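Inside the fold
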Amino acid sequence: MKQIANESLRVLAVGAALGLGHGLVRGWPALPPPQAEAMSCGGPVAAEPSVAWIRCDEAHALADDAAVAFVDARSAEEFLAGHVTRAVSAPIEDTGVVGDSVIASLRGARLVIAYCDTTGSCARSTRLAGLLARAGLPDVRVLEGGMPAWLDSGYPAEAGP
Amino acid sequence: MTRWLETRAGRVAVALARLTVGGVFLFAALPKIADPHAFAVAIDNYHLVPPQVAQVAGAALPVLELVVALALIAGVHARGAAVISAGMLLVFAGALANALRLDINVDCGCFGAAARSEIGWDSVARNLALTMLCVVVAVAPDPGWRGMLPRRAAPPPAA
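1. A look at the overall build of chain B
A count of helices and strands for chain B gives six helices and zero strands. Moving toward the C terminus, one meets the helices and strands of chain B in the order α-α-α-α-α-α. Per-residue burial over chain B gives 47% buried out of 159 residues.

2. Brief notes about the overall build of chain A
Along its length, chain A carries seven helices and seven strands. A burial count over chain A gives 37% of its 161 residues as buried. Considering only contacts in chain A between residues 6 or more positions apart, those separated by 24 or more positions represent 67%.

3. Here's the deal with the nonpolar core
With 49 residues, the main nonpolar core has B:Val21, B:Val68, B:Leu72, B:Ala82, B:Cys134 and B:Val137 as its most contacted residues. Elements that contribute at least two residues to this core include exactly helix H2 (8–34), helix H3 (36–45), helix H4 (51–74), helix H5 (78–101) and helix H6 (121–139) of chain B. The element that contributes the greatest number of residues to this core is H4(B), accounting for 13 residues. With residues up to four places along the chain from it excluded, the contact list for B:Cys134 reads B:Val21, B:Ala82, B:Ser85, B:Ala86 and B:Leu89. Membership of the second largest hydrophobic core comes to 31 residues, among which are A:Val102, A:Ala133, A:Leu143 and A:Trp150.

4. Examining the packing of H3(B) against H4(B)
Residues and elements named next belong to chain B. Contact geometry of H3 with H4 gives a least axis separation of 8 Å together with a crossing angle of 135°. Put simply, H3 runs oblique to H4. In the crossing of H3 with H4, the sense of the turn from one axis to the other is right-handed. Contact residues: Pro 36, Phe 39, Ala 40, Ile 43 and Asp 44 in H3; Pro 51, Ala 54, Gln 55, Ala 57, Gly 58, Ala 59 and Pro 62 in H4. Residues that form the contact of H3 with H4 fall into these classes: nine nonpolar, two polar and one charged.

5. Digging into H2(B)
An α-helical turn contains 3.6 residues, so a residue and the one three or four places further along point in the same direction. Residues and elements named next belong to chain B. The end-to-end C-alpha separation of H2 is 39 Å, in line with the 39 Å expected for 27 residues at 1.5 Å each. Those residues of H2 that sit buried are Arg 11, Val 14, Ala 17, Arg 18, Val 21, Gly 22, Val 24, Phe 25, Ala 28, Ala 29 and Lys 32. In this fold, the buried residues of H2 make contact with helix H1 (2–5), H3, H4, H5 and H6.

6. As for the packing of H2(B) against H4(B)
Residues and elements named next belong to chain B. H4 packs onto H2 with a crossing angle of 150° between their chain directions and a minimal axis gap of 8 Å. Classified by the interaxial angle, the pair formed by H2 and H4 is roughly antiparallel. When the axes of H2 and H4 are compared, the crossing they make is left-handed. Mapping the contact onto sequence places Arg 18, Leu 19, Val 21, Gly 22, Phe 25, Leu 26, Ala 28, Ala 29, Lys 32 and Ile 33 in H2 and Pro 62, Val 63, Glu 65, Leu 66, Val 68, Ala 69, Leu 72 and Ile 73 in H4.

7. Structural notes on unusual backbone geometry
Phi at A:Arg86 takes a positive value of approximately 75°, unusual for a residue other than glycine. With 13 C-beta atoms packed within 10 Å, A:Arg86 lands in the partly exposed category. Backbone geometry at B:His77 places phi at a positive 55°, although glycine is not the residue there. When you line up the elements, B:His77 lands in the loop between H4 and H5. On the basis of neighbour count, B:His77 is assigned to the buried category, with 25 C-beta atoms found within 10 Å.

8. Here's the deal with the confidence of the model for chain A
The predicted model of chain A has a mean per-residue pLDDT of 78, with 81% of residues at 70 or higher. Counted against residues more than four places away or in other chains, residues 34–49 of chain A, with its pLDDT under 50, gives 44 contacts.

9. Notes on the pairing of strand S2 (residues 68–72) of chain A
Residues and elements named next belong to chain A. Most of S2 sits out of view: four of its five residues are buried. Examined bridge by bridge, S2 and strand S5 (residues 111–115) share five bridges and lie parallel to one another. Looking at S5, one finds that Val 68 is bridged to Leu 111. The pairing of S2 with strand S4 (residues 88–89) spans two bridges and is classified as parallel. By the bridge assignment, Val 71 is partnered in S4 with Val 88.

10. Observations regarding the sheet that holds strand S6 (residues 140–143) of chain A
Residue and element names in this part refer to chain A. The sheet built from five strands is open, its strands ordered S1-S6-S5-S2-S4 with parallel pairing. The open sheet has two edge strands, strand S1 (52–54) and S4, and neither has a second partner. On the sheet, helix H6 (residues 124–134) packs against S2, S5 and S6 and is oriented at approximately 170° with respect to S6.

11. Observations concerning the environment of A:Ser153
Residues and elements named next belong to chain A. Considering the arrangement of structural elements, one finds Ser 153 in the loop between helix H7 (146–152) and strand S7 (157–158). The exposure class of Ser 153 is exposed, given the 12 C-beta atoms found within 10 Å. Separated by 93 residues in the primary sequence, Ser 153 and His 60 have C-alpha atoms spaced 9.5 Å apart. Not counting residues up to four positions away in its chain, the partners in contact with Ser 153 are Cys 56 and His 60.

Definitions and limits used
Residues numbered from 1 in each chain as written. Chains lettered and ligands numbered in written order. Predicted model: local features only at pLDDT ≥ 70, side-chain atom pairs only at ≥ 80, totals over all residues. Helix = DSSP H or I, 4+ residues; strand = E, 2+ residues; numbered from the N terminus. Buried ≥ 20, exposed ≤ 12 C-beta atoms within 10 Å, placed from the backbone. Contact = placed C-beta atoms within 7 Å. Core = buried A, V, L, I, M, F, W, Y, C linked by C-beta atoms within 7 Å. Axes fitted to C-alpha atoms, helices over the stretch in contact; angles between N-to-C directions. Parallel < 35°, antiparallel > 145°, perpendicular 65-115°, else oblique. Left-handed = near helix turned anticlockwise from the far one by under 90°. Nonpolar A, V, L, I, M, F, W, Y, C, P; charged D, E, K, R; others polar. Expected span 1.5 Å × (residues − 1). pLDDT = per-residue confidence, 0-100. Pairing = 2+ DSSP bridges.

Rendered as structure tokens:
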């Protein structure tokens, strides 16, 4: 056991030293600045770097703030069946774009929280958040766990338009 | 299990496990070393570490992968390399599972930018399977090339 630990430390030390040396010699890789960029559902794409996540409990704590808006990325049918109270419907999967009326209704919000059902292969809420950030909304976040986590936590939801 | 690993079949199995994990790490490390920028972006997209950490890991982690791969293939400090590679594989599997749980649509970043692939539970399963191979190498009595040689019979006890 002691010999395995010694070997592990040696391999780790050599790897870390060479790795850090590699970074110092070649320079640390630069990351792209945060930018709003729409994502495609079809292919393997990078997540939107300018959009942060927000936990369900954090979002719920802010839900009564009139300057905080929820945006539902799911289909219109799913929205009608049940959505976060006061949420705005923006079913981008149907159209691929966010309507001007939706963006106009969110202009005054200091924080916009996008969510979806999280069960599909496509991160609709992340895509929607990217589109909203590109449209100039100052603080757009994605709800961790989406609608299922919101309902599981017993937070308020409503059906209908 | 360690008894079986001392048999000829066991030693061959250990060598295959060692070469498999080493080969995968070598295949994963080289494109990342060639393009550390793409790997740093891939790490950053998981939203698990601060961007500064992603930058350092983008440059350093592929070299550690290469060292581990060479140690495993060469059979030098193979058990230590297996422990380190098992740790890395478990961290990678955790990051993948977390992204899948949150439905984050990210490129795996597993084999560099040239081999882009969307993450899935199969990626997690692959990492866990490789971790099991690492465990086999780590517990083997002599996983290096010397372990492949026929064992000499023990000298008869002195009369």
